[in-house]
Amino acid sequence: RERFSAERMVQDTLRVYERVATTRGGERRWVRVHLIPDLGEGGTVRGIYTLMLDVEEDHRMREALEQKEARLRHFAENIPGPIAVVDRDLRYAFANKVFLRLRGVESQEIIGRHVRHVLGTADLRGAAGRVFPYLLGVSDRAIAESLVVV
């Protein structure tokens, strides 16, 4: 566990961390703690203001989201067909094992890379009519294909 240092806190100006705290009623809840130095003349620490915020709900929501994401990832990973997820910048965020096997690549070779570097120009143009209308809000396949930048 890190030891408290007033000098280090002053250097950081504002120190923030999260921990579990126990309420007067004995309930354990996540809190975000802000330590704010009260500096005197010459930068000496006269005291420390402490602000604690209850972030229990944030932690519960984050945990629920992580659980849902894990279930979705497990589902997508075990579908017998190829699945890949790209972000708005057209970089791969996920690819299941079937997609990876069909492409002959490992996950670390494509995650974060642009689709044009993984699919190639011909496959990218072919995918345009299926993928880009959703990303661009365009309903016409011909227009979507013409918007592909290779």
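Cut-offs and rules
Positions within a chain are numbered from 1, following the residues in the order the chain's sequence is written. pLDDT decides what is reported in this predicted model: residues at 70 or higher carry local features, side-chain atom pairs at 80 or more are listed and counted, and totals for whole chains, interfaces and linings draw on all residues regardless. Working from all heavy atoms in the structure, the side-chain values ignore hydrogens and water. Pairs of strands are assigned from DSSP output, requiring at least two bridges between the strands. Helix numbers and strand numbers start at the N terminus; a helix is a DSSP run of H or I with at least 4 residues, a strand a run of E with at least 2. Every angle, taken between N-to-C directions, lies between 0 and 180 degrees, and every axis is a line fitted to C-alpha atoms, over only the stretch in contact when it is a helix. A 1.4 Å probe rolled over the protein chains alone gives each residue an accessible area, and that area as a share of the maximum for its type sets the label: buried under 20%, exposed over 50%, partly exposed in between. By the convention used here, residues are in contact when the closest approach between their heavy atoms is within 4.5 Å. By convention in these notes, a salt bridge is any Lys or Arg side-chain nitrogen within 4 Å of a carboxyl oxygen on Asp or Glu. Every patch collects residues that have over 30% relative accessible area and no salt bridge, joining them within 9 Å if they carry like charges and within 5 Å if they are nonpolar side chains (Val, Leu, Ile, Met, Phe, Trp, Tyr). Note on areas: Shrake-Rupley, 1.4 Å probe, and residue coverage restricted to the protein chains presented here.

Student: I'd like a rundown of the sheet that holds strand β2 (residues 28-39), residues and numbers included.
Tutor: A sheet is described by the order of its strands in space; here three strands give the open sequence β1-β2-β3, paired in antiparallel fashion. A strand with exactly one partner marks an edge of an open sheet, and here the two such strands are β1 (15-22) and β3 (45-54). Put simply, the sheet's adjacent strands are angled 30° from each other on average, direction ignored. Inspection of the sheet shows β1 paired to β2 by eight bridges, in the antiparallel sense. Paired with E18 across the two strands is R32, which belongs to β2.

Student: Summarise the pairing of strand β5 (residues 92-95); cite the residues concerned and give the values.
Tutor: With three bridges connecting them, strand β4 (residues 84-86) and β5 associate as antiparallel partners. By the bridge assignment, V86 is partnered in β5 with Y92. Between β4 and β5, which pair antiparallel one after the other, the connecting turn spans five residues, and L90 there sits at a positive phi close to 65°.

Student: Tell me about the side chain of H114, and please be specific about residues and values.
Tutor: Its place among the elements puts H114 in the loop between α4 (107-110) and α5 (115-119). H114 sits in the buried class, given a relative accessible area of 9%. Excluding its chain neighbours within four sequence positions, the residues that come into contact with H114 are D89, L90, R91 and Y92.

Student: Tell me about the pattern of salt bridges, and name the residues and values.
Tutor: One pass over the structure, following the stated rule, counts five salt bridges. When the shortest N-O distance is used, the salt bridge between E18 and R32 registers 2.7 Å. Taken together, the residues E18 in strand β1 and R32 in strand β2 connect sequence positions 14 residues apart. Given the relative accessible area of 29%, E18 is considered partly exposed. What emerges from the salt-bridge pattern is a single network uniting E27, R29 and D54.

Student: Run through a nonpolar patch on the surface, naming residues and quoting values.
Tutor: On the surface, I36, Y49, L51 and L53 cluster together to form a nonpolar patch covering roughly 350 Å² of accessible area. A total of three residues in the nonpolar patch trace back to one element, the largest contributor, which is β3. Mapped onto the fold, L53 is located in strand β3.

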